[in-house]
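Coordinate inspection notes
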Amino acid sequence: MPASSSVDRTCFEAQEHRQRESGVDERTLKAAQRLEDITGFYVHAAIYAIINLLLVLINVTITDDVWWAHWVIMGWGIGLAAHWFSVFGHMPAFVTRWQMRKLREIRRKI
């Protein structure tokens, strides 16, 4: 038996044991993880709004002849959009199909 198989089985058994001991089922664990992901996005969005508001105020009051705050807003906005997609978005069908093909390929090699 390959070493990775026994390690995977040991990890799986340890996870099952922890679930039995804690009395928490898999759905509860997934729900808690989902809540943590959503909370992380909202915290990120709030920090984005506050910091960028401050940067716009600084830009307008100190260096109103050069408009630079929009670069930060756009750059960070791309990162925030990616975070939104990772939390609330859905994978396109072609990505999901690729993942399934790759999973079958990897399983055949193991």
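The structure presented is a predicted model; accordingly, all values stated were derived computationally and were not measured.

**Overview of the side chain of N52**
With respect to the helices, strands and loops of the structure, N52 is situated in helix α2 (residues 26-62). Within polar-contact distance, the side chain of N52 engages the backbone oxygen of Y48 at 2.9 Å. Residues contacting N52, with those up to four places away along its chain left out, are V72, I73 and W76.

**Remarks on the pattern of salt bridges**
As enumerated under the stated definition, the model contains three salt bridges in all. Between E105 and K102 there is a salt bridge whose closest N-O contact spans 3.4 Å. Of the two residues, E105 and K102 both sit in helix α4 (residues 93-109), three residues apart, roughly one turn of that helix. Residue K109 pairs with E105 through a salt bridge whose shortest N-O separation is 3.4 Å. Of the two residues, K109 and E105 are both situated in helix α4; the distance of four residues between them amounts to about one turn of the helix. Of the residues examined, E105 reaches a relative accessible area of 27% and is grouped as partly exposed. Each of K102, E105 and K109 takes part in salt bridges that share partners, so that together they form one network.

Rules behind the numbers
Residues numbered from 1 in each chain as written. Predicted model: local features only at pLDDT ≥ 70, side-chain atom pairs only at ≥ 80, totals over all residues. Heavy atoms only, no water. Helix = DSSP H or I, 4+ residues; strand = E, 2+ residues; numbered from the N terminus. Polar contact = N/O pair within 3.5 Å; in protein donor to acceptor, adjacent residues only side chain to side chain. Contact = heavy atoms within 4.5 Å. Salt bridge = Lys/Arg side-chain N within 4 Å of Asp/Glu carboxyl O. Buried < 20%, exposed > 50% of the residue type's maximum accessible area, 1.4 Å probe, protein only.

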